[in-house]
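So you can see what is in the structure, the chains are spelled out below.
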Amino acid sequence: MVDTTPVFHDAVGAIRPDALDSLPAQFFVTGTDTGVGKTTVTVALMRALVATGRRVVAMKPIASGCEWIDGVWQNEDVAKLVAASNVAAPLSLINPYRFDPPIAPHIAAEQAGVNISLAVIAQAYLALKALADVVIVEGAGGLLVPVNTQHTLADLIATLQCPTLLVVGMRLGCINHALLTAEVLRQRQLALCGWVANHVDPAMAAAEENLTTLSHWLGQPPLMRLPYCAA
Ligand SMILES: Nc1ncnc2c1ncn2[C@@H]1O[C@H](COP(=O)(O)OP(=O)(O)OP(=O)(O)O)[C@@H](O)[C@H]1O
Ligand SMILES: [Mg+2]
């Protein structure tokens, strides 16, 4: 049998055009956890979309953690998303909230005396929509990360009214995390526009069986598979 699953061969190229064309013009990228490859996948998609001639921008509405990059303090994710974009957009739109400590966003915000507002993020998102053909919004951590005392990232997705792409970090425990995420999206009537199998653990046992299980329970094969790419 011919495997028609779209395969994403490496971090910079070879995303099947049909996988790319099936993506909506705006979508939110969440993950099964922090560090599962949301930025890696977003950047790869951005490069592939830019190569087709689309105007592509990504936003990281809430970033915590800063590093010394090119002589200035920057958030690493934001720097990567900006570098992959072909749209000149103000940093205040791409990243409305940035905090220095690499801790949970709502705690970082509280420590900084800032109340994260979904309306502020929505306004920036709408402004980016006017500048680009494709807007990708990268979350922070997973779907139910709080942004303040009332809201989580799921509420932000509901506010932005865009579908969600789920990056599954293929490692032990990912099935439960992926299904919990899909379940919450379903309960809130938020659309899942696809999922990506990101092989972050080259030694994962029964990886193919996990992939088959995820495809069954998520009701669709992965839009892309990203193999482990040694640094
Ligand atoms: N397929 C892969 N192969 C090898 N390393 C990977 C792969 N995907 C991601 N990584 C590495 O894993 C780390 C975390 O990836 P990434 O920053 O994309 O995760 P994230 O989900 O965006 O994290 P955060 O929650 O902090 O935003 C990075 O060092 C990245 O290079
Ligand atoms: Mg990231």
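**Structural notes on the pairing of strand E1 (residues 26-31)**
Remember that side chains alternate between the two faces of the sheet whenever the strand is regular.
Part 1 of the argument: Burial of E1 is extensive: five of the six residues sit out of reach of the surface.
Part 2 of the argument: Judged from the four bridges that link them, E1 and strand E7 (residues 134-138) form a sheet pairing that is parallel. Paired with Gln26 across the bridge in E7 is Val135.
Part 3 of the argument: For E1 and strand E8 (residues 164-169), the ladder comprises four bridges, and the chain directions are parallel. Within E8, the position partnered with Phe28 by the bridge is Thr164.

**Focus: the confidence of the model for the protein**
Part 1 of the argument: Summary statistics for the protein give a mean pLDDT of 92 and a share of 94% for residues scoring 70 or more.
Part 2 of the argument: Scored below 50 in pLDDT, residues 1-13 shows 24 contacts in the model against residues more than four places distant or in partner chains.

**What about the packing of helix H8 (residues 174-187) against helix H9 (residues 207-218)?**
Part 1 of the argument: Orientation of H8 relative to H9, taken along the N-to-C sense of each, is 15 degrees, at an axis distance of 10 Å. One element, H8, and the other, H9, form an angle in the roughly parallel class. Relative to H9, the crossing made by H8 is right-handed. Seen from H8, the contacting residues are Cys174, Ile175, Ala178, Leu179 and Ala182; seen from H9, they are Asn210, Thr213, Leu214, Trp217 and Leu218.
Part 2 of the argument: When the residues that make up the contact of H8 with H9 are grouped by side-chain class, the tally is eight nonpolar, two polar and no charged.

**Topic: the site of ligand 1**
Part 1 of the argument: Around ligand 1 lies a shell of 16 residues, among which Thr34, Gly37, Lys38, Thr39 and Thr40 are the nearest.
Part 2 of the argument: The biggest single contributor to the shell around ligand 1 is helix H2 (residues 38-51), with three residues.
Part 3 of the argument: Here the shell around ligand 1 is composed, by residue class, of five nonpolar, nine polar and two charged.

**Brief notes about the nonpolar core**
Part 1 of the argument: Counting residues in hydrophobic clusters, the biggest one holds 63 residues, and the most contacted among them are Val135, Ile136, Val137, Val168 and Val196.
Part 2 of the argument: Looking at this core, the element that brings in the most residues is H2, giving seven residues.
Part 3 of the argument: The contacts of Val196, once residues within four sequence positions are left out, are Val41, Leu165, Val167, Val168, Pro222, Leu223, Met224 and Leu226.

**A few points about helix H7 (residues 153-160)**
Part 1 of the argument: All of the buried residues along H7 are Leu153, Ala154, Leu156, Ile157 and Leu160. All buried residues of H7 project into a common sector of 155 degrees when viewed along the axis, lining one side.
Part 2 of the argument: Contact partners of the buried residues in H7: E1, helix H6 (118-131), E7, E8 and H8.
Part 3 of the argument: Two residues or fewer after H7 comes Gln161, characterised by a positive phi angle close to 55 degrees.

**Quick notes on the environment of Gly139**
Part 1 of the argument: With respect to the element layout, Gly139 can be found in the loop between E7 and H7.
Part 2 of the argument: Overall, Gly139 belongs to the buried group, with 25 C-beta atoms counted inside 10 Å.
Part 3 of the argument: For the pair formed by Gly139 and Gly37, sequence separation is 102 residues and the distance between their alpha carbons is 11 Å.
Part 4 of the argument: If sequence neighbours within four positions are ignored, Gly139 has contacts with Phe28, Val29, Thr30, Lys38, Val145 and Leu153.

**Side note on the pairing of E7**
Part 1 of the argument: Counting buried positions along E7 gives five out of five residues, so the element sits mostly inside the fold.
Part 2 of the argument: Residue alternation in E7 divides its side chains into two sets, Val134, Ile136 and Glu138 and Val135 and Val137, and both sets are buried.
Part 3 of the argument: By the bridge criterion, four bridges tie strand E2 (residues 56-59) to E7 in an arrangement that is parallel. The residue of E7 that forms the bridge with Ala58 is Ile136.

Cut-off values and rules
Residues numbered from 1 in each chain as written. Chains lettered and ligands numbered in written order. Predicted model: local features only at pLDDT ≥ 70, side-chain atom pairs only at ≥ 80, totals over all residues. Buried ≥ 20, exposed ≤ 12 C-beta atoms within 10 Å, placed from the backbone. Helix = DSSP H or I, 4+ residues; strand = E, 2+ residues; numbered from the N terminus. Pairing = 2+ DSSP bridges. pLDDT = per-residue confidence, 0-100. Contact = placed C-beta atoms within 7 Å. Axes fitted to C-alpha atoms, helices over the stretch in contact; angles between N-to-C directions. Parallel < 35°, antiparallel > 145°, perpendicular 65-115°, else oblique. Left-handed = near helix turned anticlockwise from the far one by under 90°. Nonpolar A, V, L, I, M, F, W, Y, C, P; charged D, E, K, R; others polar. Near = placed C-beta within 6 Å. Core = buried A, V, L, I, M, F, W, Y, C linked by C-beta atoms within 7 Å. Arc of directions from axis to C-beta.

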